[in-house]
There are 2 protein chains.
Amino acid sequence: MEVLERLKEEIINKSPKGAKIIDVQFEGPELVIYVKNPEIYTNDIIKQLAKDLRKRIVIRPDPSVLMEPELAKKKILEIVPEDAGITDIIFDANTGEVIIESKKPGLVIGKEGKTLEAIKKAIRWAPKPVRAPPIPSETIKAIRATLFRERDEVKEILRRIGRRIHREVIQKGDYWIRVSFLGGAREVGRSCLLLQTPDTKVLLDCGVNIAYEEKMYPQFDAPEFSIEDLDAVIITHAHLDHCGFLPGLFRYGYDGPVYCTRPTRDLMTLLQKDYLDIAEKEGKPVPFSSKEIKECVKHVIPLDYGVTTDISPSIKLTLHNAGHVLGSAIAHLHFGEGLYNLAYTGDLKFDTSRLLEPAVCQFPRLEALIIESTYGGYDDVLPDRAEAEKELLRIVIEHIEKGGKILIPVFGVGRAQELMLVLEEGYNQGIFNAPVYLDGMIWEATAIHTAYPEYLSKDMRRKIFQEGDNPFLSDVFQRVRNTNDRRRIIDDSEPCVILATSGMLTGGPSLEYFKNLAPDEKNAIIFVGYQAEGTLGRKVQKGWKEIPIVTKNGKTKSIPINMGVYTVEGFSGHSDRKQLIRYVRKVKPSPEKIIMVHGEESKCLDFSSTVNRLFKKETYAPRVLDCIRVK
Amino acid sequence: MEVLERLKEEIINKSPKGAKIIDVQFEGPELVIYVKNPEIYTNDIIKQLAKDLRKRIVIRPDPSVLMEPELAKKKILEIVPEDAGITDIIFDANTGEVIIESKKPGLVIGKEGKTLEAIKKAIRWAPKPVRAPPIPSETIKAIRATLFRERDEVKEILRRIGRRIHREVIQKGDYWIRVSFLGGAREVGRSCLLLQTPDTKVLLDCGVNIAYEEKMYPQFDAPEFSIEDLDAVIITHAHLDHCGFLPGLFRYGYDGPVYCTRPTRDLMTLLQKDYLDIAEKEGKPVPFSSKEIKECVKHVIPLDYGVTTDISPSIKLTLHNAGHVLGSAIAHLHFGEGLYNLAYTGDLKFDTSRLLEPAVCQFPRLEALIIESTYGGYDDVLPDRAEAEKELLRIVIEHIEKGGKILIPVFGVGRAQELMLVLEEGYNQGIFNAPVYLDGMIWEATAIHTAYPEYLSKDMRRKIFQEGDNPFLSDVFQRVRNTNDRRRIIDDSEPCVILATSGMLTGGPSLEYFKNLAPDEKNAIIFVGYQAEGTLGRKVQKGWKEIPIVTKNGKTKSIPINMGVYTVEGFSGHSDRKQLIRYVRKVKPSPEKIIMVHGEESKCLDFSSTVNRLFKKETYAPRVLDCIRVK
């Protein structure tokens, strides 16, 4: 590769005298310099190199200079103060990195990175401090194991991706930018946008619509789509309508990078596995197997919010907080040399929730905005959040006082954690006194939340870091581990709150609880999320007094519904209409073009014409298979 | 091919007893049955077969039964009455056809086809009567020669195309229809639309923009475009902004059918050759050579107006008169089984001209309309045609009376012939008495017009067929054959009218005349067409009093402009705004969606919003590289 040779030469010229450079490689979007004396590169020198070369620079010690692992381990334990609470030390000979997992990674880093620097100097390995999750996550453990076991392949993948990103392109004719909508346009589900320029093709999200068999997968028969030509896939967040087809892409031959935040990587792995498990149980076809979920993990290039990365010869990507769910991102794309900027919001919450900060609305530059429209319709104004919380607690208290059990069917990732925070506060303030049981994948999703406190709201971070009080660790929460646990909770007479998946009573533990709790009027069910037409949740919500249920021996019996049935709106992870309009008003700089996606047809059209009228912007509500040239 | 085998079986079952079928082949969109006794298939039987098989059926005599050509020629001359004026008889052993060119093909056909049937019976060859053009056309002669010489290859091409059209397709998922705009959207020039369905890709027009170097060719870098996947190209008419890149497609590997009318085939061949000649003289690059113009001719499947043809497994095409230029067509496309219908107008004249009938506005079904917008702007109302003709003749008379020469720079195809008819009438009625000289390609284009009287207006056909008076043959017209002729016309003192190309004085004979006639105030120049910014025509029109001209020895000299300078609007081959709106009002059935193309940005936008407001239709003014899903 000529590009790399040229860069090598420039690096040698611009490196401090005495630098013993052994190798220079593209690894993913980064340019890695392997050197015998890495300490010679100060942060200032690295910054200057990055600026001159316009690349993300990583300095790594050449393998020949690394201290023997057992010895190095001892050294680390000597240098790092015991208070840090080191829980694991993992060496990666391939990258020259050593992962130091601890309860307080801040102490591994030290003031202004001093401790880290001392470790580096002593052992030559590049130390990577990570937080030991206060609740151990099976998912994270499995991901780490995969990446460690298959590190050779991962390295090869990164180098291949790196060469592709930095390939030379001869620009002929106009530089144009267009977006094809392969899914999630005038509909919700199977979000998938194909971004095209003369030299690049990028997929923004790659979802499935589980509820709609005929339109389950994105419209990959669009003639402009071909897996071989894809440069990158960007996943805005972990919900299946944004990433449920991603492993399928790998099954059909995709072999390139997946850009997303670390929490998104972990949560989407959890949800993809769950999707696979449920589909296999129900005998439904899934376009991938667990093998491809692993492929996915190996191809993820995790990005933190605010870090700008080359993803193709002419496109730079930056992820920003979207406020929707842990790790959810707005993808900001910068094209060419200051030529054009486009942001795709994914799902958006432009309001502080308990869990997350509101979505970012300031960008360095912005010409076009693609925005979700879930609640973009005229009537889509949601109740005030504080009111919703009060109402929820009121119902909880009422039924606990009656000696009943309160079932809250929830979606495991996002809404469950929001409700946990509300309930924890209520319990903590003595408003009610009963255990909150967590059933289904909620526990594991919560474990992942605790691993990434830096992605949580300021309020949460303050609690966790300054007050040492992580609400997720409260003893009000009790994990339901198996059917025996579940049986016990149902049978004993103690009042309690139960958070259980699935959120629409379409299966899973929530259905099991419902069948057993429904006949007793002391109990209650509280719906906090959208109940789709045709689901059992919708029927109960609409006031059916009896529900036919198929029993284990295949007979149908009728269950009377005597429990209290409540719906509390206002916990949505989406912006309502007011917030969406406020986002368009506030977003800086104000874009010329605004494209409405991710909403039912009427909502996209309504939101589009409203913004056009209010702000005199060029707005679009494309259909699936439309393609808009933005530049 | 299984499809063909199945059809063969069905044909054998449904043929009259005693039919000696030798072979059945797809040849282009037709299903050809080779048979030893073709006379056994009456027209009724053929119609019934076509209906049952839903194919265009052609019965041909098997080569083994054909009469020896010399003998057959004698037979034909015996059977056909001498009055028919046979000028040529050409046998095509490959198709079993004999082309009988005559002055009165009606007499070769005979009453209710009796004479034709008698010939067929006698010689077994299938007789194809064609009209001997009253003015011989070099272009038509060359095209016939090519098709005859390369008949083996042409047959092979037709069979290949036939197999592709009738291939079996397994329909998975939705049937969608979308159109990508590769050129001629919010602009004029390089018209090119890529129609896509799950099983088919078709190009509608394939033009160049000669005036705009950076946007000269259609945007073939659109990712959904690939030459290998193209099923068909449809050319609406012969002007270069609609067909100027077509030979280029063949250079880059296209090998499929081109659907257009016969006059379009012949006129576009003339114009493509002219484009090539001029570009070669000026040393400008052209994306093809004369070889590819011939390839084009060999791949044309000519269609008459109103004949419906399969062009792919799920699309049927019908061409209808567009009123713009000889052979110009509206392409009506029918998708699937009564599923959806789309019409693309190409360039449109919705008003009777002297030459042509107004555009067709009635279709069996119509859901979407793609319409040109050249004069779609608010101010684009053109003067009345009759007024324009009066004004033109007034100027002609005035300057002839002064003893001057009147130069009318014109585009060779279309407008030149319109003006010829106006001038012929004026001359015929004694309004003026002076010769009208035709220079440049006008003569040849006129020759092609005389070969297809059935494509002309009712009025013209009445004149030609019933009154035996073909205005193009009037002795007022005199052909300028060479530079000597031209010199003589310039030098002698007789008043005259000169129609000469190019239409904007950018080169060719019109420029030569202009340089010589400009200084004399007795003379006049009349602009009848649009003069683009930057052309000499525009400068003269704007009133420049002196024009610098580069002489043959490379020096620049100044020429004074003393001649009368006039502009007469109203001869356009396009509908003006009023006519466009009237077309949208009148078109039946009224389509749901209307897409505006082929106009400057402001005209497309203006026309689109006007139609949206007036008719409450979904309207679009797409950009180049946009793609709209219509179904």
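Because the structure is a prediction, the values reported are computed rather than measured. (Residues numbered from 1 in each chain as written. Chains lettered and ligands numbered in written order. Predicted model: local features only at pLDDT ≥ 70, side-chain atom pairs only at ≥ 80, totals over all residues.)

### Here we look at the environment of Asp380(B)
Residue and element names in this part refer to chain B.
Reasoning step 1: Along the chain, Asp380 falls in the loop between strand 17 (368-372) and helix 12 (385-401).
Reasoning step 2: Distance in space between the C-alpha atoms of Asp380 and Asp576 is 6.0 Å, their sequence separation being 196 residues.
Reasoning step 3: Residue contacts for Asp380: discarding those within four places in its chain leaves Tyr375, Asp576, Arg577 and Lys603. (Helix = DSSP H or I, 4+ residues; strand = E, 2+ residues; numbered from the N terminus. Contact = placed C-beta atoms within 7 Å.)

### Some words on the interface of chain A and chain B
When the parts of a complex come together, some accessible area is lost, and that lost area is often used as the size of the interface.
Reasoning step 1: On the chain B side, the residues contacting the 16 residues of chain A number 15 residues.
Reasoning step 2: For the side of chain A that touches chain B, the secondary structure elements donating two or more residues are strand 7 (178-183) and strand 28 (627-629) of chain A.
Reasoning step 3: Here the residues of the side of chain A that touches chain B sort into six nonpolar, three polar and seven charged. (Nonpolar A, V, L, I, M, F, W, Y, C, P; charged D, E, K, R; others polar.)

### Some thoughts on the packing of helix 1 (residues 2-14) of chain B against helix 2 (residues 43-53) of chain B
Residue and element names in this part refer to chain B.
Reasoning step 1: Contact geometry for helix 1 and helix 2: axes closest at 11 Å, N-to-C directions at 140°. Here the hand of the crossing between helix 1 and helix 2 comes out right-handed. Each of Leu7, Glu10, Ile11 and Lys14 in helix 1 lies in contact with helix 2, whose residues at this interface are Leu49, Asp52 and Leu53.
Reasoning step 2: Partitioned by chemical class, the residues of the contact of helix 1 with helix 2 number four nonpolar, no polar and three charged. (Axes fitted to C-alpha atoms, helices over the stretch in contact; angles between N-to-C directions. Left-handed = near helix turned anticlockwise from the far one by under 90°.)

### Considerations on the packing of helix 13 (residues 415-428) of chain B against helix 14 (residues 442-451) of chain B
Residue and element names in this part refer to chain B.
Reasoning step 1: For the pair helix 13 and helix 14, interaxial distance at closest approach is 10 Å and the crossing angle is 80°. Taken together, the axes of helix 13 and helix 14 lie roughly perpendicular to each other. Residues Ala416, Gln417 and Met420 of helix 13 form the contact with helix 14, whose participating residues are Ile442, Ala445, Thr446 and His449. (Parallel < 35°, antiparallel > 145°, perpendicular 65-115°, else oblique.)

### Section: the nonpolar core
Reasoning step 1: Counting residues in each nonpolar core, the largest one holds 315 residues, and the members touching the most others are Leu499(A) and Leu499(B).
Reasoning step 2: Residues within four places of Leu499(A) in sequence aside, it is in contact with Ile408(A), Val410(A), Ala416(A), Leu419(A), Val436(A), Leu438(A) and Ile442(A). (Core = buried A, V, L, I, M, F, W, Y, C linked by C-beta atoms within 7 Å. Buried ≥ 20, exposed ≤ 12 C-beta atoms within 10 Å, placed from the backbone.)

### Considerations on the UniProt feature "binding site: Zn(2+) 2" (unreviewed entry) in chain A
Residue and element names in this part refer to chain A.
Reasoning step 1: Per the UniProt entry, the sites bearing "binding site: Zn(2+) 2" (unreviewed entry) are Asp241, His242, Asp347 and His598 in this numbering. Separation in sequence by 358 residues is not matched in space for these annotated residues, since their most distant C-alpha atoms are only 10.3 Å apart.
Reasoning step 2: When the 28 C-beta atoms within 10 Å are taken as the criterion, Asp347 is described as buried.
Reasoning step 3: With near-sequence residues (within four places) excluded, Asp347 lies in contact with His237, Ala322, His324, Ser328, Glu372, Gly573, His574 and His598.
Reasoning step 4: Along the chain, His598 falls in the loop between strand 26 (593-597) and helix 20 (601-615). (UniProt positions renumbered as here; feature names shortened; annotations may be inferred.)

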